[in-house]
Amino acid sequence: ADDNVHVGPAAAVASRAALCLHYDPERLSLRQIADIATRTGVGLTMRYAHDVIAIKFIGAEDSASRLEDGLKRLDGVTAATVSLPGQVVRVEYDTTVVNRQAIDARLQELGAHLVERPAVHASASTRVDAVPDAQVSPEHAQEETASWYTRNRELAWSLGAGMFLLLGVIAQRISTSAIVPLTLFAIAYVFGARDNVGHFLKDVRKGHFRFDIDLLMVVAAVGAAILGQWREGALLLFLFSLGHAAEHYAMGRARNAIKALADLAPSEASVIRDGVTQRIPIAEVCPGDRVVIKPGERVSVDGAVREGTSAVNQAPITGESVPVDKVVGDSVFAGSVNGDGALVVEVTAATGDRTLDRVIKLVAEAQTQKAPTQQFTDRFERIFVPLVLGGDLLLMIAPPLLGVWSWHEAVYRALTVLVASSPCALALGTPAAVLAGIAQAARNGVLIKGGAHLESLGAIRTLALDKTGTITRGTPQVTDVIAADGVADDALVTAAAGVEARSQHPLAHAILEEAKRRGVTVAESTDVEAVSGKGVRGYVGDVFVEAGRALFFETAGQPSSGGLPAGIRDAIGRVEGSGRTAIVVRQTGGRGKDSPQWLGVLGVADTARANALVAIERLRSVGIERVLMLTGDNARVGHAVATEVGIQEVRADLLPEDKLSIIKDLVREGPVAMVGDGVNDAPALAHATVGIAMGGAGTAAALETADVALMGDDLERLVFAIGLSRQARSVIRQNLAISLGVIVVLVVAAVTGRVGIGTAVVFHEGSTLVVIANGLRLLAYRKGLDVTAVKSSAAALREPSLPPASTSP
């Protein structure tokens, strides 16, 4: 709508105009809004902030709603979202009204247990957040040191309820007195309803009374007792509490998949200071420090290799299937595993700014952003629960008044309907699938920044790909060496490399790399002159060498002007006809020759990635119906690359605003994903249904800009991501069908007297566990992944760091 962004009065902020943005906190976070505003040149204040707060030991489904409602009632809190499966809270607030300490206090009042570590914090005026020390993982340490009862309190009380229920059943069979079994069932009530009643009483004391699923279960159990069905009421509470314990155990599997990321980087590093290698906490390591990475050790920092060579397993970060050879100048990432060689790495990012830290931070935030289906089920529950209560009351009163059922029968059936219609499975089915999907993606080198993006990616049928750096490698390479008659290929490359050695042009770099690959010796060049956009000339030894486009040799007035021989023109035509850049090379002097000698033509191009053709074919196999390539290059180059990788639709000669216009047009036709580098393509990525950035491990911009980031430069990861999202959408639909179907069947069976309270609660809890287990199937999704990559990543996630060796250099 037009009023989503508007300019406020000039006096709003220090006599400057204030830009007011309205947004849906379920779809976007304050951080993302701040990033968008910053990219458009808007200055931001420090007034608003958001925290992602880790919690633990939170139980029932309604705990999330209870925490959200309680936080929203706190003055200054503008938005609050709780991920019960992820055990995190995202809260956005006005720092002039409320502070983090007050928010923590409110959470504790509401029954949340806070993880004792710094929160993921972001103010609206900064792009860099303070993140928890990923390598320390205090949450794991706290859970490990906590007593068994603290970690399994819900299970303990549930088992207590079950034990007294069993004793009550036995007492019914062997005791002649009704008091003994009744007492045992009453004790089972106390154990089974402890958490639910505790939450209810706490809400009442604070004036926050609300109807929720837990309350419905307690009401049903009390009603059963009033009707004399103590055993069925105790069974209801036992199974309900046991189901909760099982649900939270199952959810823990998905949470642990994400928490495993936090354990990847070591808590200490071997730093060289004053010539001595010393082991220090990772938090004390600063950019510019040199860190020793021993063979087999897990890398603790992001940095550049300054000494040594080794093969590094980057599977936990980028998902690459084989270790990557690292030499001086190459980058390494915290969390990867060093191979057989020792490395000295210069630190380039402080703790908190490392790629791993950014991924953990964004994954934590992604857990709190609800998928559209989850937003629908939340709205459905808010309407459904009051309707159930009203319908249940009518079911208790109307049939007896009409003489259809007795009062006892009517109340019993109404209580059974109350149990049957409880939407627990509906509440957990979608978040379980979303959490598992995000976790599985993160474990395999794909960052999906929220449930909305997970669902949206699964609906994509049209895919637009930027050419440079996405379909192609992003760095030119020599593709053709066409030497003139009587000239050796190596001689042509040697002459060209000699004169290009002083040039900073990307094409010059490609020619030098070709000379290096061939192992030829490049002589020193002097008096080198570059003619902008045309070529370069200078002396290589005692030979005058010229290298450049055909125009360089045909421009009138140039000392080297002259007609191009037919053979050279033919070679230029062949190279440019293939969509490549032609570099003509000529030399004068040497070997007694004073007349110019044409050496030949080099073809240079930004070549397609080795797996691009296969990736495009596999994208179509997972449901992508239309693939377009967008490029700023000329149409001939664009079509040549597109033909090579199997893309039929090409849009060439595009400026960034042209790409944006095309994406807007495509979005009007249906969901579209845009794949780019996350920097130059930022506007198009932001306006696509799903923006996907390549190479997220190498650039913070890619992680911050896009909805999905492929951590490595591997298009086949996109096949995995889309396939996973499609599977997630399918699982979410299945869970909706299961949960709603069970509710309908049980309600009908309860109204008609086909089932009792015991049977209803068995199917109720059973359906909840089924939808959670169905969602967790996504943790096993592997389609589109290289089996070697999966094994490599899994091994790297499990493999502990080696103990520190001697502190000598």
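It should be emphasised that the depicted structure is a prediction, and the values quoted were computed from it without experimental measurement. (Residues numbered from 1 in each chain as written. Predicted model: local features only at pLDDT ≥ 70, side-chain atom pairs only at ≥ 80, totals over all residues. Heavy atoms only, no water.)

J.: I'd like a description of the environment of Tyr412, backed by residues and values.
T.: Relative to the elements of secondary structure, Tyr412 occurs in helix H13 (residues 407-420). Judged by relative accessible area, Tyr412 falls into the buried class, the value being 14%. Among residues more than four places away in sequence, those in contact with Tyr412 are Leu227, Gln229, Glu232, Gly756 and Ile757. Within the structure, the side chain of Tyr412 is placed 3.1 Å from the backbone nitrogen of Ile757, a separation counted as a polar contact. (Helix = DSSP H or I, 4+ residues; strand = E, 2+ residues; numbered from the N terminus. Buried < 20%, exposed > 50% of the residue type's maximum accessible area, 1.4 Å probe, protein only. Contact = heavy atoms within 4.5 Å. Polar contact = N/O pair within 3.5 Å; in protein donor to acceptor, adjacent residues only side chain to side chain.)

J.: Describe the nonpolar core, naming the residues involved and giving the relevant values.
T.: Counting residues in hydrophobic clusters, the biggest one holds 63 residues, and the most contacted among them are Leu465, Ile647, Ile692 and Leu718. In terms of residue count, helix H14 (residues 424-443) provides more of this core than any other element does, 10 residues in total. Counting residues in each nonpolar core, the second largest holds 37 residues, with Phe185, Ala225, Phe238 and Val761 among its members. (Core = buried A, V, L, I, M, F, W, Y, C linked by side-chain atoms within 4.5 Å.)

J.: Any details on the pairing of strand E23 (residues 596-605)? Residues and values, ideally.
T.: Taken across its 10 residues, E23 has 9 buried, putting it largely inside the fold. Sheet topology note: the strand E18 (residues 477-483)/E23 ladder contains 6 bridges and is antiparallel. Directly across from Val481, in E23, lies its bridge partner Leu602. Strand direction decides the pairing type here: strand E22 (residues 581-588) and E23, joined by 8 bridges, are antiparallel. In the strand pairing of E23, Thr581 is matched with Val604. (Pairing = 2+ DSSP bridges.)

J.: I'd like to hear about the environment of Leu660, residue by residue, with values.
T.: Within the secondary structure layout, Leu660 lies in helix H23 (residues 656-669). Residue class for Leu660 comes out buried when judged on its relative accessible area of 17%. A sequence separation of 22 residues divides Leu660 from Ala682, and the C-alpha atoms of the two residues are 9.1 Å apart. In contact with Leu660, not counting residues within four places along its chain, are Pro683, Ala684 and His687.

J.: Describe the packing of H14 against helix H27 (residues 757-776), listing the residues and the values that go with them.
T.: Where H14 contacts H27, the axes come no closer than 7 Å and their chain directions differ by 15°. On the basis of their axis angle, the class for H14 and H27 is roughly parallel. As H14 packs across H27, the resulting crossing turns out to be right-handed. Between H14 and H27, the residues in contact are Cys424, Ala425, Leu428, Gly429, Ala432, Ala433 and Ala436 and His764, Ser767, Thr768, Val771, Ile772, Gly775 and Leu776, respectively. (Axes fitted to C-alpha atoms, helices over the stretch in contact; angles between N-to-C directions. Parallel < 35°, antiparallel > 145°, perpendicular 65-115°, else oblique. Left-handed = near helix turned anticlockwise from the far one by under 90°.)

J.: Account for the packing of H14 against helix H26 (residues 716-751), with residues named and values stated.
T.: At a closest axis distance of 9 Å, the pairing of H14 and H26 adopts a crossing angle of 165°. As judged from the angle between their axes, H14 and H26 are roughly antiparallel. Crossing angle aside, the handedness with which H14 passes H26 is right-handed. Contacts between H14 and H26 pair Ala425, Leu426, Gly429, Thr430, Ala433, Val434, Gly437, Gln440 and Ala441 from the former with Phe720, Leu724, Val731, Ile732, Asn735, Leu736, Ser739 and Leu740 from the latter. The residue makeup of the contact of H14 with H26, split by class, is 11 nonpolar, 6 polar and no charged. (Nonpolar A, V, L, I, M, F, W, Y, C, P; charged D, E, K, R; others polar.)

J.: Account for the packing of aromatic side chains, naming residues and giving values.
T.: Using the criterion set out here, one finds 7 aromatic pairs in the structure. With a centroid separation of 5.9 Å and an interplanar angle of 40°, the aromatic rings of Phe720 and Tyr781 are classed as tilted. Here Phe720 is found in helix H26, whereas its partner Tyr781 is found in the loop between H27 and helix H28 (787-798), with 61 residues between them in sequence. Take Phe720: its relative accessible area is 0%, and that puts it in the buried class. In this structure Tyr781 comes out as buried when scored by relative accessible area, which is 11%. Here the guanidinium or amino end of Arg413 rests over the ring plane of Trp405, the centre of that ring lying 4.3 Å away. A cation over a ring is seen here: Arg586 above Trp598, with NZ or CZ 4.6 Å from the ring centre. (Phe/Tyr/Trp six-rings, centres within 6.5 Å; stacked < 30°, edge-to-face > 60°. Lys NZ or Arg CZ within 6 Å of the ring centre and 35° of its normal.)

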